[in-house]
Amino acid sequence: MALGATVLAAAGAGSRKVDHLYVHIPFCLRKCPYCAFYSVPFSADLVDRYVEMLVKEVEIVAPELAPKTVYFGGGTPSLLSEKHFEKLAEVFQRTGWADIGEWTVEANPATLTLDKARFLRRLGVNRVSLGVQSLDDAVLKRLGRVHTRADALRSFDILRAAGFTNINIDLMFAVPGQTLSAWEKVLEEALALGSEHLSAYELNYEEDTPFFEQFSAGLFESEEDLACEMYELLLRATAAQGLVQYEVSNFARDTHDGTAAPPAFACRHNISYWRGCWYYGLGPSAASYVDGVRYANFADLSRYCRALANGHRPIVSAERLSPLARAGETAAFGLRMSVGWSFEEFRRVTGFDLRDEWAEEIEDFVEQGYAEITSNRFKLTPRGMLFADLVGERFLRPDS
Ligand code: SF4
């Protein structure tokens, strides 16, 4: 159900403040052939104009926000200069956001210098997600990345030298041509760096990307068995290094005590998505979810800037899902986490009982060994984690 301008105007956060803020920085040095995120080629002039408009967007939503987590994603946030970061930090300060516990910036290893890293740390950024993707130059070349293995290793050292004690390393596997032993070597080396967090994603062929075209033309084959072996290797290797899996693709350090709490270095911002929390997303193509309404910003930098220059929020669509459809999405997202859902928490968050509305799905998945019920909690088994997307789909309910 798409909503008109009146609903847009009415659908603020009311008196409850929103705890999570995502900021999209839509610039890249070069487009990677597998990437479907919205981004445009980097140009210093464009970034100047963009940051000016982004400040306006922050000011519009500021009264409804008191962020506990901030996440700068992209695109390539580390392409912003110190001057740009300073402008954004200034507006954060002006709006009185004093309680940001976790501020993550994604960084491309080709764009980090010690000066910039130190500057970010001084500014209050306390978590960096480093887009390493691989430590194998052949794989990096295949992925069309602008950085090399040496850049990635150097960037990690730079972040440590700048004082970062919470670093994520992003990796990709099931890249065309990648063998199991090559993946094992990358994993070993990446884990030896000792980051607090690791994310590892299977390469997917996203529509409207050169990789998708090449895949459709039969230039690559989908090797699902190999991808499963790579994932299983990932689970073994991370566990052996003391990283705790808390989501399908995410692992973090912890003094894990077997409770349902996420590990100490889990990304609190991303957990907010999986737990159905409200968040604002700013920048072109960014999505927000506030007060039961899902918004999308223009995925077009010019339209985004024009709207803000005219004093409007740059929203292209707003959709209020029915409570059941919303609960279905929340169920599907939350099941991606290792702890799944406690029945009580799910009821508190959504108002629905997982055991009533999804009784059939729960029974099926438990019977097939994809899920289990322990201590009033429904969660996926390691086998179910392999197929979390497919399991999640069964929990979705049509909007009415
Ligand atoms: S993968 Fe990252 S660096 Fe590459 S085009 Fe996409 S957003 Fe830019």
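To be clear, the structure that these remarks concern was listed above.
**Remarks on the pattern of salt bridges**
Line of reasoning, step 1. One pass over the full model with this rule turns up 17 salt bridges.
Line of reasoning, step 2. Notably, a salt bridge pairs Arg160 with Glu196, separated by 2.9 Å at the nearest N-O pair. Placement of Arg160 in helix H6 (residues 149-161) and of Glu196 in the loop between helix H7 (180-192) and strand S8 (197-202) is noted, with a sequence separation of 36 residues between them.
Line of reasoning, step 3. Its salt-bridge partner being Glu357, residue Arg397 comes within 3.4 Å of it at the nearest N-O pair. Remark: Glu357 occurs in helix H14 (residues 354-357) and Arg397 occurs in the segment after helix H17 (388-395); sequence separation between them is 40 residues.

**Topic: the site of the ligand**
Line of reasoning, step 1. Around the ligand, the neighbouring residues are Cys28, Arg30, Lys31, Cys32, Tyr34, Cys35, Gly74, Gly75, Thr76 and Arg145.
Line of reasoning, step 2. For the shell around the ligand, the class distribution of residues is 4 nonpolar, 3 polar and 3 charged.

**What to know about the environment of His197**
Line of reasoning, step 1. You can see His197 is positioned in strand S8.
Line of reasoning, step 2. As a C-alpha pair, His197 and Leu143 span 54 residues in sequence and 22 Å in three-dimensional space.

**Examining the sheet that holds strand S14 (residues 315-320)**
Line of reasoning, step 1. Pairing within the open sheet is antiparallel, and its 3 strands lie in the order S12-S13-S14. For this open sheet the edge positions go to strand S12 (287-290) and S14, each flanked by a neighbour on one side alone. Pairs of neighbouring strands in the sheet enclose a mean axial angle of 20 degrees, with direction left out of account.

**Digging into the sheet that holds strand S16 (residues 371-374)**
Line of reasoning, step 1. Here we have 3 strands laid out as an open sheet, ordered S15-S17-S16, and antiparallel in their pairing. Edge positions in the open sheet fall to strand S15 (341-342) and S16, since each of these has one partner strand only.
Line of reasoning, step 2. Across 2 bridges, the pairing between S15 and strand S17 (residues 377-380) is antiparallel. By the bridge assignment, Ser342 is partnered in S17 with Arg377.

**Section: the packing of helix H2 (residues 44-61) against helix H11 (residues 301-309)**
Line of reasoning, step 1. Where H2 meets H11, the axes come as close as 9 Å, and the angle between the chain directions of the two elements is 50 degrees. Taken together, the axis directions place H2 and H11 in an arrangement best described as oblique. Crossing angle aside, the handedness with which H2 passes H11 is left-handed. Between H2 and H11, the contacting residues are Leu46, Arg49, Tyr50, Met53, Leu54, Lys56, Glu57 and Ile60 on the first element and Leu301, Tyr304, Cys305, Leu308 and Ala309 on the second.
Line of reasoning, step 2. Residue composition of the contact of H2 with H11, grouped by class: 10 nonpolar, no polar and 3 charged.

Conventions and cut-offs
Residues numbered from 1 in each chain as written. Predicted model: local features only at pLDDT ≥ 70, side-chain atom pairs only at ≥ 80, totals over all residues. Heavy atoms only, no water. Salt bridge = Lys/Arg side-chain N within 4 Å of Asp/Glu carboxyl O. Helix = DSSP H or I, 4+ residues; strand = E, 2+ residues; numbered from the N terminus. Near = heavy atom within 4 Å. Nonpolar A, V, L, I, M, F, W, Y, C, P; charged D, E, K, R; others polar. Pairing = 2+ DSSP bridges. Axes fitted to C-alpha atoms, helices over the stretch in contact; angles between N-to-C directions. Parallel < 35°, antiparallel > 145°, perpendicular 65-115°, else oblique. Left-handed = near helix turned anticlockwise from the far one by under 90°. Contact = heavy atoms within 4.5 Å.

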